[in-house]
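Below are the chains, spelled out letter by letter.
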Amino acid sequence: QDALDPALEGVDLQVTGVVSSMPQWHSDGVRFGFQVEQAQRIADQQSVQLPRQLSIGWYSSNYDGEPRALPDIKAGERWQLPLRLKRPHGLVNPGGFDAELWLWEQGVHATGHVRESAAVGSLKRLQSTWQFPIEQWRQHMRTSIVQTLKDPRFSGQTAALLLGDQAAISQRDWDVFRITGIAHLMSISGLHITLWAWVARWLIQRLWCYSDLWGRSWCLWVPAPHAAQWGGLLLATLYAVFSGWGVPSQRTVAMLATVCVLHYQALRWPLHT
């Protein structure tokens, strides 16, 4: 129901919306999620209905190959952009990456690019908003990493390990990771989240057991093992959300929650009747 109307493919549109994801910079420009608020055809100023979520590319060179500077786009900003859209398409090679399915899983039912031309509508940043605070926080952390680690190679790898942002890792490094069998470690996986949950659980239990140093013991309200268990799950969930809430993260949080419920109910798996 949210698919792009075929009649709107390749049509110049004036779209107002909010940047809904941390922009991913590439050698040829930037790509970001864009949540639509309103849209109209530029030719006749007629309002049109678009998919709620778009994936937009903004290229650093025009059709003549001339380079151009791109603005510093930030998550949560409201923009008015002239766009051309199309329904998601991708390669269908057997065993290859299914880009169309991946976009569908992300709730993206149209992709497009910014049209910078005097013949199309206006392009301007309208305002900063408080929408998508997690994406804004992630982008702020990525900026801090880039400013701290001057070498783009290491700043990109650090951002991938901490934030799940893999865009800055070069193809050469990806080849090395695949050959050595550690490519799966360069994204936020179940291993990262489970390790963080274990560390958080250990710290919370220690803090809970020594709470009588600051007054009345917290163990009188909640036993230390229960507080550590649910506190670790909560912090692991927050980290999974902060790192992008990918499918591996969701699966890991679901399994950690299952283990917590089993422990809390003093049950063992598999259950026996």
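The structure displayed is predicted, hence computed values, not measured ones.

J.: I would appreciate a short explanation of the layout of surface pockets in the present structure.
T.: Empty pockets left among the atoms are what a rolling probe the size of a water molecule brings to light. Taken as a whole, the second largest pocket encloses approximately 580 Å³ of empty space. For the lining of the second largest pocket, the secondary structure elements donating two or more residues are strand S2 (24-26), helix H2 (133-148) and helix H3 (152-163). Per-element accounting of the lining of the second largest pocket gives the leading share, six residues, to H2. By residue class, the composition of the lining of the second largest pocket is eight nonpolar, 11 polar and seven charged.

J.: Is there a simple way to explain a nonpolar patch on the surface in this structure?
T.: A contiguous nonpolar patch, built from Leu207, Trp218, Leu220, Trp221 and Val222 and spanning about 510 Å² of accessible area, is present on the exposed surface. Here Trp221 shows up in the loop between helix H5 (190-209) and helix H6 (224-242).

J.: Would you explain the pairing of strand S3 (residues 29-41) in this entry?
T.: Relative to S3, strand S1 (residues 13-19) runs antiparallel, the two sharing seven bridges. The partner of Thr16 across the bridge, within S3, is Gln38. Taken together, the three bridges between S2 and S3 define a ladder with antiparallel strand orientation. Bridged to His26 within S3 is Gly29. Hairpin connection from S2 to S3: two residues lie between these consecutive antiparallel strands.

J.: Can you help me understand the packing of aromatic side chains in this one?
T.: What describes a pair of aromatic rings is the distance from one ring centre to the other and the angle between the planes of the rings. Counted by the stated rule, this structure contains seven aromatic pairs. Relative to Trp102, the ring of Phe97 lies with its centre 6.5 Å away and its plane at 55°, an arrangement referred to as tilted. Phe97 gets classed as exposed once you look at its relative accessible area, which sits at 57%. Their ring planes at 70° and their centres at 5.9 Å tell us that Trp230 and Tyr264 sit as a pair that is edge-to-face. Of this pair, Trp230 sits in helix H6 while Tyr264 sits in helix H7 (residues 247-264), and the two are 34 residues apart along the sequence. For Trp230, a relative accessible area of 33% corresponds to the partly exposed category.

Thresholds, definitions, all that
Residues numbered from 1 in each chain as written. Predicted model: local features only at pLDDT ≥ 70, side-chain atom pairs only at ≥ 80, totals over all residues. Heavy atoms only, no water. 1 Å grid on protein atoms, 1.4 Å probe; cavity = no way out; pocket = protein on both sides within 12 Å on 5 of 7 lines; lining within 4 Å. Points joined across faces, edges and corners; volume = space filled by probe spheres on them. Helix = DSSP H or I, 4+ residues; strand = E, 2+ residues; numbered from the N terminus. Nonpolar A, V, L, I, M, F, W, Y, C, P; charged D, E, K, R; others polar. Patch = residues over 30% accessible without salt bridge, like charges linked within 9 Å, V, L, I, M, F, W, Y side chains within 5 Å. Areas by Shrake-Rupley, 256 points an atom, 1.4 Å probe, with all protein chains shown as cover. Salt bridge = Lys/Arg side-chain N within 4 Å of Asp/Glu carboxyl O. Pairing = 2+ DSSP bridges. Phe/Tyr/Trp six-rings, centres within 6.5 Å; stacked < 30°, edge-to-face > 60°. Buried < 20%, exposed > 50% of the residue type's maximum accessible area, 1.4 Å probe, protein only.

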